[in-house]
Amino acid sequence: MADQTHVLFVEDDDVIREATQLALERDGYAVTAMPDGLSGLDAFRADRPDIALLDVMVPGLDGVSLCRRIRDESTVPVIMLSARADSIDVVLGLEAGADDYVTKPFDGAVLVARIRAVLRRFGHAGGGDRDESGALAAAGGLLAFGDLEVDTEGMEVRRAGQPVALTPTEMRLLLEFSSAPGTVLSRDKLLERVWDYGWGGDTRVVDVHVQRLRTKIGQDRIETVRGFGYKLKA
């Protein structure tokens, strides 16, 4: 298992759990599959997986609560699985700290593609230049915006001299804004650069992450440009 990407999969439906586990294992992943949130939390603490897939509606400890517990202890990437794309559970999951979500029922190939996209951006959270998709990995130097300092080499952020803890997704989002202060970045462009979406995605992912970032670096630091997107105040 040491050379494989380890996936924690929490799903209470036996058929979905077993079929998805087999599909992921065929793609080379090592999978720990659990039927409820409490056993999922125990497995997370015991195994420290590389990524967690959490169904929203699981017994014992629901997926959103489990996501919060995981996020309290780790920045490991989390993908939520939700039965309805328009469900409030999607937003709740993202607000709890999830990095992305997939709507059920899902195609196995789509799920694997999303897992790879999340792992790719986490693996390059401290990166280098923009890749072919335009994603920012990192530039050298210390950037300052008022009382906000962004160290793009050390991947550290300080506000008024105090360290700010960001998840890798939040850090990539801030790096995108920091690379072009004062420039409006559309939600679609942020989905492409931060979430590695080569296709249209749900812009709620961007909106919730921007709000989470604002709570950490200052509500007025990122400005909403209605109808266009967001920009970092220089």
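Residues numbered from 1 in each chain as written. Predicted model: local features only at pLDDT ≥ 70, side-chain atom pairs only at ≥ 80, totals over all residues. Heavy atoms only, no water.

Caption draft 1: Expanded view of the overall build of the chain. On a plain count of helices and strands, the chain comes out with eight helices and eleven strands. The proportion of buried residues among the 234 residues of the chain is 48%. In the chain, the share of contacts with a sequence separation of at least 24, taken over all contacts with a separation of at least 6, comes to 58%. In the form shown here, the chain has an accessible surface area of approximately 10600 Å², with 50% of it arising from carbon and sulfur atoms. (Helix = DSSP H or I, 4+ residues; strand = E, 2+ residues; numbered from the N terminus. Buried < 20%, exposed > 50% of the residue type's maximum accessible area, 1.4 Å probe, protein only. Contact = heavy atoms within 4.5 Å. Areas by Shrake-Rupley, 256 points an atom, 1.4 Å probe, with all protein chains shown as cover.)

Caption draft 2: Spotlight on the sheet that holds strand E7 (residues 148-151). Read from one edge to the other, the open sheet built from four strands follows the order E6-E7-E8-E9, with strand pairing classed as antiparallel. Where the open sheet ends on each side, the last strands, each with one partner, are strand E6 (142-145) and strand E9 (162-164). In this sheet, neighbouring strand axes are inclined to one another by 25 degrees on average, regardless of whether the strands run parallel or antiparallel. Sitting on the sheet, helix H6 (residues 168-179) is in contact with E6, E7 and strand E8 (156-159), with an inclination near 105 degrees to E7. (Pairing = 2+ DSSP bridges. Axes fitted to C-alpha atoms, helices over the stretch in contact; angles between N-to-C directions.)

Caption draft 3: How the structure looks around the side chain of serine 74. Take serine 74: it is sitting in the loop between helix H3 (63-73) and strand E4 (78-82). Engagement of the side chain of serine 74 in a polar contact is seen with the backbone nitrogen of valine 76, the distance being 2.9 Å. When residues no more than four places from it in sequence are discounted, the contact partners of serine 74 are Phe44 and Arg48. (Polar contact = N/O pair within 3.5 Å; in protein donor to acceptor, adjacent residues only side chain to side chain.)

Caption draft 4: Main features of the sheet that holds strand E2 (residues 30-34). Taken in spatial order, the five strands make up an open sheet running E2-E1-E3-E4-E5, and their pairing is parallel. Single-partner strands in this sheet number two, and they are E2 and strand E5 (100-103). The mean inter-strand angle of the sheet, taken between neighbouring strand axes irrespective of direction, is 20 degrees. Both E4 and E5 contribute to a ladder of four bridges, which runs parallel. From the neighbouring strand, serine 82 faces E5, where its bridge partner is threonine 103. Along the sheet, helix H5 (residues 108-123) makes contact with strand E3 (51-55), E4 and E5, crossing E5 at roughly 175 degrees.

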